[in-house]
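Coordinates in review
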Amino acid sequence: MNNRRHFLRSTSALITLPALESIGFKAFAAPKVGAPPKRMVFLGFGWGVTNETWFPDVKKTGAAWELSEGLKPLARHQKDITVVQGCSNKFANEAHWGSTFWLTGANRYAEPGQSFHNSISADQVAAAHLGKDTRFGSIQLNTPDAQNSGHGPGLSLAWDVRGKPVAGLENPVAAFHRLFSNETTPLSERQAMLAQKRSVLDAVLEDAKRVQNGLTKTDTDKLDEYFQSIRDIEVRLGKDEQWLSVPKSKPPVAEPKPGLAGKDEIKVMYDLIVAALQTDSTRVLTYRQPVGTLLQSLGTKVAPHDMSHYSPGDRMAASQKRDATQSELLAGLIDKLKATKEADGTSLFDHVALAYGSNIRTIHYLDNCPTLLTGGAAKLKLGHHLVLPKDTPLCNVWLTMLHGLGIAAERHGDSTGVVKELIV
Amino acid sequence: MNPFLVLSLPLLLLTPLISAQAADAPQATLDAKHRAFFKENCLSCHNAEKQKGKVRLDDIAFSVDSVEKADLWQKVLNSINSGEMPPEDEKQPDPAAKTDFLDDLSRMLVMARAVLSDSGGKITMRRLNRREYKNTIRDLLGVDLRVNELPADGGAGTFDTVGSSLFMSSDQFEQYLALGRQALDEHFARFIAPPPARELKVHIEAENNKERIIKGLRERTDARDRYLKWTAAVEAAAARPENAALVAKIRSEKPNDANAVHSQWASLKSAPSPADFGFTDAVHAEQMGRRDWNHFVPHHRAYVEHPLTKIGTFLTIDDAYVNNRQIFQIPSEWPAGDYVVRIRTGVAKNIPRERRFMEFGPQDPSGVCTVMSTHEITGTPESPQTLEIPLKLSESKVRLFMLRERGSHDSDASASRLFAEAKQRNGIGPEFAIWIDWIEVASANTPALTKTIKERREVELHANAMVGGTYNGYFKGGYEAAKKFMETKQPQKGILDEQEAKFRIRGFEQNGPTFERYLNDPLTKTGAYLTIYNVHTEEVITLPPDQPSGWLKTKHEIEKAEPGEYKLRFRIGAVKGTPKERHFVEFGSRIEKDEFGLMQTFQISGSTDAPQVIEVPVSITANGPRTFVLREKRDVKLDHELFMTAQKETGVGPPSALWMDWVEWEGPLAPADAKSNIPPVLAAGETNAREVLETFAARAFRGKAPSTAFLDKLMALHETRLKAGDSFDKAIREPLSVILASPGFLYLQEAGPQSFTPNLLPKEEAGKKLGLKDERQRSLSHPELASRLSYFLWSAPPDEPLLQADLSKPEVIAREVDRMIASPKADEFVSGFVHQWLGMDRLDFFQFDTKQFRDFDESAKAAARREVYETFAHLLRHNGSLTRLLKSDEIHVNGLLATYYGLEGISGDAFQKVKLPAGSPRGGLLGMAAILAMGSNGERTSPVERGAWVLRKLLHNPPPPAPPNVPQLTRLENKLLNTRERLLAHQEEPQCLQCHRKIDFIGFGLENLNAAGKWRTEETFEKRGVGKKTWPIDPSGQFYNGPAFQDYFQLRDLIAAKSEDFARGFTEALIEYALGRPYGFTDAVLADDIVKHAKAKGFAMKEFFVALATSREFRMK
């Protein structure tokens, strides 16, 4: 076993790691024992929002803002949500990619000789810190409808430290089982299985060594993705070992029905997010939401891409219906977060930092990304409407959230600093 | 036998290796003419002193050679596109100059990005993509996996073969482990476990469900009776004087509702409750007793009373109480494996063609049905056909299946609409169309059930009919009519003048006796002669369904001849007294009319008294010939002379030398042993685990040997499992599945040049210019090259012949390319490549509005998609010209699609080549429903999508990607405009005009084809609250800076004339797909060479492939 670990270390040394995009961590402020942990959640929808009716009136800012038509269903939470306008990812240039660079702020063309490049996403920066003490470092939720939902390339909202896509759980059933399904096999057998998994990794690494022999530099980089995935499993196995005798939490929700899509899918995924946080199975979640099936479930016939290119009439009506439904679903999620109590009597809502939005504003617009923040964990100023100068890096918002959670990254993506106006 | 071998021969001589010469990396430069524009509009604020917004542009380079410069220009482009710059309060640029500037700048940036991301000719090692993984498992283990759990590949606008976009994650690794194990379990179950002791079979008589339906009708009749009783009682109560006032009030409030009093029963004195009559409430009573009764029961009753439902069932539409889908269950204990579903079925009389299609697929427990295949039903209830559908059951427990009529189930709304329409028409409901006698499911691998068709044909039946018909009709009939004409001078049937009459008399005198001799010969009562010149010169043997001649005319009920290996037999003898040199028969294939492709010649030693039986093995492929011909060996050019000589001497033609008794064909033959193609991982009695693992790893690694250390670790795993109590055959599966998750299996590995000494070559100069470090290249080893070839052309691992071939010789590569293209495995290439090349994912973006496009349902859409693949595959396999994709006089359709296109006389599920009538818009990609549908949103056409697609895919002149942040036009709100007006209005802004002036007009030229690809001459647009407008379509337009066209046909001709541009775009796509890297400028020379080479051969399809596969780039690491 020692050999394998040694080998892993040596391969990682062999391979030049891309610079960590969020670097220079200051000392991690550990939460006081007994205080509920901090969590971070990102909810991303492709295809943006209806420009005319989603954004609050820019003339009414601060605490004296008015909900827009598209945000009306959130009225009961107005004091607990903040809408930020003016932010964008300056390198974003793909008019149909609503999520690929949303949490990373990367420049697609940054690497000469490559036609695609990405960097770590904000949730993964958080996971490196918040994920240490939970069974799952982070959970990525995805949808089978991703292709049709304006997200762009990627497997979830998350991109790892090397800018490679992190796979997501495709449906509520898979998510439920990952979070809550318990092995029925006895402990000794599970220990044997863990040992066997390690032997499996040992064996494939042996073959990887053979393949690696004599590869060119680019090919070595490619094969390193394989090494990285093995390393990730190593870490996961280490965690499994740590958690071996701890049964998974009893699910606070019932197993979802298979085949849910659209509105029902989002609703159940939101329930699972609450369940995952409530049981402290993980503290970092992202969800790449469906838009195409959402429209279908609302009975609208307009195709999602057409809806995003709305003009007054059916398409705009569909777009607005989408906004309202998404707001309604978010309001439901906030209700649940507020209703779920922590051990110390505070609510789960107080310990979550949640961002909801898209890299696409509307149609082909990539500026003024729709951004809604809620939850008390990051100590952000809630109940406000903030209109920042045009083209403020969206990564400044992510950086502010990270800092609020006690993660003192110096920068993230193309950030230029924190958003002071957001800090209480 | 293989027509391609012949074609490939010249290549042996020609093939100088195509080899790219050093090329200068192109410069992304903005024309200096724009300096003035730049100066006038930008520099007054963004100069050395002012630097407004911290942007300085006076020193910006007009040549872009770094990411930073590109980013700065991108910023300039974005701010002009968004209208942000120049600011509103500044002087605005001249629109024309702005348009041109934006046009050039966007194109320059596309080029700069391409130059900067050029891989410099490097081919990144890659893992197998999802398709390849599936096929590789199939070839290794004989198991078809469902790979939906693996993440979708590609996405960044590249092919799914491009290595840099194929990632690996820990989740994925675990999926590979799990899928590998699943495949091995299935392999063991199918190939290694003992075969099932008995044949598995279920037989379902479809009329079994009639009891249920009769019961349902009885219940409804009972409900009706109770309803009538209840309403009579309510009416009686209503008639009572104490209720008069209330009844009058109810009647005056709802004068048109005769039943209004019923729902108000509770207010009436002494009216009984519906509960007393078995209803929950008045609403329930009304629903059961009146609404459903009126709506469904006539249909219901018609079903029960239909004579055919005594012995079978009909699939009905939107009447859940009857049989709107036929569900059947396969016993859950049946193991995974190959099965066959047989359905005895037919379509009732007078049912329109579009209702003759049946859908088949699984139904999940929640009732959701998935259509796996659609079948045209050609039988009738009187003469039903037996439809056979092969079914692969996997380990997953899907065991419930359904059959239903196509098209009625796309949505509930469409089904109830069909019902309502029919009810309006006939007072009952949709006519009963598809009838099912029984359904049978049985294992396909038990020998007793292997489906072979064996048919013998007594050749005289057809021959005598033909010969007698010609003689009596044309010759004798014509002679008699001609005689009559000569007597009466009155026109007769077929004879209008004296010249014709004389010709027919002479014809009869010359040929008649030869026909008479044939017909009077006693041997033609039991067989047929093969003659010379006329009478019966050929015995034509056609395997259905291509040519419904021959076999079908003599009443052979063969519904389908599946591709596979067949045997043809014929009993033949030579005629005594004829010269020995005439005792040869030629056997050949026929694709086109009168064509004869000689396959084999046989000497006939048997006689008419003692004929011999000759057996010929024949391979039937999907696109290959199905018609075969037997004839006397000879040079047919001499026939006329031979005949005339003999006729002059003897009064009859030359005597026949060959006589045939019968012909017979049989097939498809089960391969000698179906399992032998896939060697079982574990031979019977094998106990040497290390050997098993080593052999399998070598196969899985495609010719590379596993290391000893790897095998040691696998053995350790095996032993752990044995110790844990697993049997040998279980314990070996663990290490075997590890092999399937190892990089040696998952990655197409090619070591770099430094590890390899021979064949070191200096790297291209171009590479150096791009600053690349690898200075040397090496030739690929044979196994590596074999893998590149097979994953290129098959999306699957190399087979043994390819691994054995001497691929250092270009002519061997050319031959292998030929062989591989001919193989059915190349279908994987066709669908994988064509789908991505043409951007066909758009076809799935939209649900088509079936109200508007009734027959463009899922089945039609699937057939339309296949048309694209079938056409491409046909051109590829027959080495047709690529340009036939731009314009062609023939198309490839099946019965369903032919119906859709309104072409008569084509039926069957197989795709077949069809000559188009003159003036048809079909033929070529632009006439294909799939391509046209892609250029729509499911409701309306999108001239922009279509125009951009034509520029991208056909003319190799792609517009830049849709730019972000371009302002939206809102002033058209609430205006009723036709398509042209609407789009032209969008061209007002320079930001839009720069691209749309090139795109939109092409789209206008295609406007005669609607969103689902059907021809139309006018269009209607309706906007709620605004109004409705209909306009005639004006398909005229003009290419930007190019020729004008009046209509679709002229547009198509103009596009077809650009065949070289098309070939160039195709070549670039092919290079990207085959080399697995984004096409870059480094590849420009290679593309030039391939296009030049192919052009010299009239763009024959295979030339592109051979040129690419033999190119230096393809063969080098």
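Just above, that's the structure.
The text that follows walks through the structure, step by step, so that each part is easy to find. The shown structure was predicted, so the numbers you read here are calculated from the model rather than taken from an experiment.

About the thresholds
- Residues numbered from 1 in each chain as written.
- Chains lettered and ligands numbered in written order.
- Predicted model: local features only at pLDDT ≥ 70, side-chain atom pairs only at ≥ 80, totals over all residues.
- Heavy atoms only, no water.
- Helix = DSSP H or I, 4+ residues; strand = E, 2+ residues; numbered from the N terminus.
- Buried < 20%, exposed > 50% of the residue type's maximum accessible area, 1.4 Å probe, protein only.
- Contact = heavy atoms within 4.5 Å.
- Expected span 1.5 Å × (residues − 1).
- Bend = angle between axes of the 7 residues up to and from the residue.
- Polar contact = N/O pair within 3.5 Å; in protein donor to acceptor, adjacent residues only side chain to side chain.
- Buried area = accessible area lost by both parts, 1.4 Å probe.
- Salt bridge = Lys/Arg side-chain N within 4 Å of Asp/Glu carboxyl O.
- Core = buried A, V, L, I, M, F, W, Y, C linked by side-chain atoms within 4.5 Å.
- Disulfide = S-S within 2.5 Å.
- Pairing = 2+ DSSP bridges.
- Axes fitted to C-alpha atoms, helices over the stretch in contact; angles between N-to-C directions.

**Overview of the overall build of chain B**
Looking only at helices and strands, one finds 35 helices and 30 strands in chain B. Classification of the 1117 residues of chain B by burial places 54% in the buried group. The long-range fraction of contacts in chain B, counting pairs at least 24 apart against all pairs at least 6 apart in sequence, stands at 73%.

**Looking at helix α13 (residues 498-520) of chain B**
Residues three or four positions apart in an α-helix share a direction because the helix packs 3.6 residues into each turn. Residues and elements named next belong to chain B. Between its terminal C-alpha atoms α13 stretches 31 Å, which fits the 33 Å expected from 23 residues at 1.5 Å a residue. For α13, the principal kink sits at N511 and spans about 45 degrees; a proline, P513, occurs within the next four residues. Contacts from the buried residues of α13 go to α12 (459-488), β14 (528-530) and α14 (639-650). Capping the start of α13 is the job of one residue whose side-chain oxygen sits 3.3 Å from the backbone nitrogen of Q499: D497.

**What to know about the side chain of N1008(B)**
Considering the arrangement of structural elements, one finds N1008(B) in the loop between α30 (990-1005) and β27 (1018-1023). Discounting residues that sit within four places of it in the chain, N1008(B) has contacts with K1014(B), W1015(B), R1016(B), T1017(B), I1033(B) and P1035(B).

**Side note on the interface of chain B and chain A**
A common way to state how big an interface is: give the accessible area lost once the parts meet. Of the residues lining the interface, 72 residues belong to chain B; the matching set on chain A comes to 61 residues. The contact between chain B and chain A buries some 5700 Å² in all, and 56% of this surface belongs to carbon and sulfur atoms. A salt bridge links D171(B) to R236(A); its shortest N-O distance comes to 3.2 Å. Counting the contacts that link chain B with chain A gives 16 residue pairs in polar contact (both at pLDDT 80 or more). The set of elements that each furnish at least two residues to the side of chain B that touches chain A consists of α3 (67-81), α4 (95-116), α6 (170-192), α16 (708-723), α18 (733-739) and α19 (743-746) of chain B.

**Thoughts on the nonpolar core**
With 109 residues, the main nonpolar core has F833(B), F872(B) and F1105(B) as its most contacted residues. Counting residues in hydrophobic clusters, the runner-up holds 58 residues, among them V204(A), L244(A), M168(B) and L184(B).

**What about the state of the cysteines?**
Residue and element names in this part refer to chain B. The final tally for this structure, using the stated rule, is 0 disulfides over all chains. Here C45 stays unpaired: no disulfide links it, and the sulfur of C42, its closest cysteine neighbor, is 9.1 Å away. Here C992 stays unpaired: no disulfide links it, and the sulfur of C995, its closest cysteine neighbor, is 8.9 Å away. On the basis of relative accessibility, which here comes to 15%, the residue C992 falls in the buried class.

**What about the sheet that holds strand β11 (residues 400-405) of chain B?**
All names here are of chain B. The strand order β6-β11-β8-β9 describes an open sheet built from 4 strands, whose pairing is antiparallel. Two strands bound the open sheet, and with one partner strand each, they are β6 (326-329) and β9 (373-376). Averaged over all neighbouring strand pairs, the angle between strand axes comes to 20 degrees, with direction disregarded. In this structure, β6 lies alongside β11, joined through 4 bridges in antiparallel fashion. If you follow I327 over to β11, its bridge partner there is M402.

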